Structure formats: C-alpha cells, structure tokens
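Chain by chain, the residues run as shown.
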Amino acid sequence: MNQAVAETTAIDQKLSKRHIDLDPGGYVIIYLDRAQGLIYAKHFTNFIDDRGLACDPDTGKPIPTRGKVERLPARIYSGRTAKELCVQIFEQDDQCPITRLDHASYLGREFQRAEAALLSEQEYVQD
C-alpha cells in the first residue's frame, strides 16, 4: 500500500469512530442485489429517547445494535447509482425521511461505496 492510500485509510478509519448523534427521522440499511444490479436502501423509523437511544416507535423499546432485528421498513429505495438513490430520497420524496445533515452526508458516502462495490464486484459492508 502506498503512502497516500495508507494515510487516507487511517483518516477514514479514525473518522468512522467519531460520535454522531442519531437521526430522529430514522436509520437506513444499505445492501446490494447483484443479480438485479441494484443498490437497496431500507429506511426504518425510530425516535430518540432521553438517553439518546434509538427506539422502535411501535414498542417504545430500544432498537438493538447487534443481532437480527425483525422490523418492517417504512420505505424501500433502489437504484443503480448513488446519485439515483440520493435524488429519490432527498429530492423526490415529498417528505425527506432524513433530518440531519451529517446523516445525509454519511448516506451519500455509503451510496458511493455501494456503487463502487457493485461495479467492481467487490464485497460491500455498510460502515
């Protein structure tokens, strides 16, 4: 690995560990469907309790951060590119489900990574 790649990788890893407040508008799970050539983004609603935890609006209980969680998404988006997904979510949806700019920025970066993985046939794991 050359010096520039090592430095940018280190910066990226450090920034991935910083604290970001949760979005009261919900969270998004991103995955690829290689057979269809699509990137999917499932949006799930939540609310943030007084402890800062994301909670299920139906049960009022905190949403686990590990393990399998059985919830139905509020909306499912799909597209072949990061731009297509961003336009759907941020420009075409009558009421954008993302309420924080840092969350929107994060999703844009993740959609770019997902698109690159789709095109290069590499594994994609959401950060």
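Scroll up to find the structure.
The structure contained in this document is the topic of the report that follows. (Residues numbered from 1 in each chain as written. Predicted model: local features only at pLDDT ≥ 70, side-chain atom pairs only at ≥ 80, totals over all residues. Heavy atoms only, no water.)

1. Considerations on the pattern of salt bridges
The final tally for this structure, using the stated rule, is 4 salt bridges. Salt-bridge contacts for Asp49 lead to Arg51; the nearest nitrogen and oxygen are separated by 2.6 Å. Glu110 is the salt-bridge partner of Arg113, the closest N and O atoms lying 2.8 Å from each other. On the criterion of helical spacing, the pair formed by Arg113 and Glu110 is a turn pair, its members being 3 residues apart in helix H3 (residues 101-120). Assessed through its relative accessible area of 3%, Glu110 is described here as buried. (Salt bridge = Lys/Arg side-chain N within 4 Å of Asp/Glu carboxyl O. Helix = DSSP H or I, 4+ residues; strand = E, 2+ residues; numbered from the N terminus. Buried < 20%, exposed > 50% of the residue type's maximum accessible area, 1.4 Å probe, protein only.)

2. Looking at a nonpolar patch on the surface
A surface patch of nonpolar side chains, amounting to about 240 Å² of accessible area, comprises Ile29, Tyr31 and Ile76. On the secondary structure map, Ile76 appears in strand S5 (residues 75-79). (Patch = residues over 30% accessible without salt bridge, like charges linked within 9 Å, V, L, I, M, F, W, Y side chains within 5 Å. Areas by Shrake-Rupley, 256 points an atom, 1.4 Å probe, with all protein chains shown as cover.)

3. Some details on the environment of Val28
Turning to its location among the elements, Val28 is positioned in strand S1 (residues 27-33). On the accessibility criterion, Val28 (7% relative accessible area) is buried. Counting along the chain gives 86 residues from Val28 to Ala114, while the straight-line C-alpha distance between them is 13 Å. Excluding its chain neighbours within four sequence positions, the residues that come into contact with Val28 are Ala41, Lys42, His43, Ile98, Leu107 and Gln126. (Contact = heavy atoms within 4.5 Å.)

4. Notes on the packing of aromatic side chains
Here the structure, examined in full by the defined rule, presents 2 aromatic pairs. Note on Tyr27 and Phe44: the rings are 5.1 Å apart at their centroids and 15° apart in plane angle, and the pair reads as stacked. With Tyr27 in strand S1 and Phe44 in strand S2 (residues 38-44), this residue pair connects regions lying 17 residues apart in the sequence. Each member of the pair, Tyr27 as well as Phe44, is classed as buried. Here the aromatic rings of Tyr31 and Tyr40 are separated by 5.3 Å at their centres, their planes lie at 10°, and the arrangement is stacked. Judged by its relative accessible area of 31%, Tyr31 is partly exposed. Given the relative accessible area of 15%, Tyr40 is considered buried. (Phe/Tyr/Trp six-rings, centres within 6.5 Å; stacked < 30°, edge-to-face > 60°.)

5. Remarks on the nonpolar core
Of all hydrophobic cores here, the largest spans 18 residues; its most connected members are Ile30, Leu32, Ile39, Leu107 and Phe111. The set of elements that each furnish at least two residues to this core consists of S1, S2, helix H2 (82-92) and H3. In terms of residues, this core owes the most to one element, H3, which gives 6 residues. Ignoring sequence-local partners within four residues, the contact set of Leu32 consists of Leu38, Ile39, Ala114, Ala117, Leu118 and Tyr124. (Core = buried A, V, L, I, M, F, W, Y, C linked by side-chain atoms within 4.5 Å.)

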